[in-house]
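Now for the letters of each chain:
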Amino acid sequence: DEAIDVLKKAKQHEDATDVAWAFLVDVLTRNDRVDEAKQVIEEFQSEGSSNEMDLMLAQMHAATNQMDQAEAEFKKALAADPDNLMIKQRIANFYLAREDQKLANEMIQSILDSDPAAQEKNPAQVIWARRMKAKMLVNSNDPNRFEAAIALLEQNQQNGQMAPEDLGLSAE
């Protein structure tokens with residue numbers, strides 16, 4: 001309860017970031033205070049709207065298991081910035097958490113198919129997308145799944161070395 005009180009005070013501060021609000025919603029939800037978390041979301045929504053706020057709202061709704069609202073906010077954020085690979089990654093993670101492989105795969109593929117300039121500016125999202133696509137391939141029925149997965153992971157190499165996460169996956 002003390003942590004919640006501190007977070008409530010922090011969100012009241014004029015310099016409070018969207019993250020403070022999201023963290024409060026998360027802590028309230030984890031402490032089985034979902035109704036209170038929903039009230040915080042409503043208060044946050046009344047603060048206005050921006051692309052960043054749409055993304056935070058999506059995450060807050062997901063934390064309180066309001067998946068339809070979360071999905072709508074994610075789509076709103078993506079519509080406002082359709083080339084943003086970080087938004088696409090968060091949406092893919094949302095679908096992965098919901099075990100919706102089809103929609104997650106579509107979003108991951110959209111990262112991999114994005115403009116080369118966007119990929120160059122967002123290498124972490126591209127590396128992540130290749131890794132997730134490789135995991136999905138390994139778990140599929142595709143007869144060429146292992147070769148395709150390894151080819152994706154090899155693209156993640158830096159200085160001729162695979163990241164530990166990719167080495168572990170390639171060993172599967």
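Each value, and the rule that gives it
Residues numbered from 1 in each chain as written. Predicted model: local features only at pLDDT ≥ 70, side-chain atom pairs only at ≥ 80, totals over all residues. Heavy atoms only, no water. Helix = DSSP H or I, 4+ residues; strand = E, 2+ residues; numbered from the N terminus. Buried < 20%, exposed > 50% of the residue type's maximum accessible area, 1.4 Å probe, protein only. Contact = heavy atoms within 4.5 Å. Phe/Tyr/Trp six-rings, centres within 6.5 Å; stacked < 30°, edge-to-face > 60°.

What to know about the environment of Gln45
With respect to the element layout, Gln45 can be found in helix H3 (residues 34-45). Among the residues examined, Gln45 registers a relative accessible area of 34% and is labelled partly exposed. A C-alpha to C-alpha distance of 9.9 Å links Gln45 and Met56, two positions eleven residues apart in sequence. Those residues within four positions of Gln45 in sequence are excluded, and the remaining contacts are Leu57, His61 and Glu73.

Comments concerning the packing of aromatic side chains
Here the structure, examined in full by the defined rule, presents two aromatic pairs. With centroids separated by 5.1 Å and ring planes inclined at 50°, the aromatic side chains of Phe74 and Phe94 adopt a geometry described as tilted. Within this pair, whereas Phe74 is found in helix H5 (residues 67-80), its partner Phe94 is found in helix H6 (residues 85-97), the two being separated by 20 residues in sequence. Using a relative accessible area of 4% as the deciding quantity, one classes Phe74 as buried. Note on Phe94: relative accessible area 6%, which makes it buried. An aromatic cluster is present here, built from Phe74, Phe94 and Tyr95 joined pairwise through their rings.

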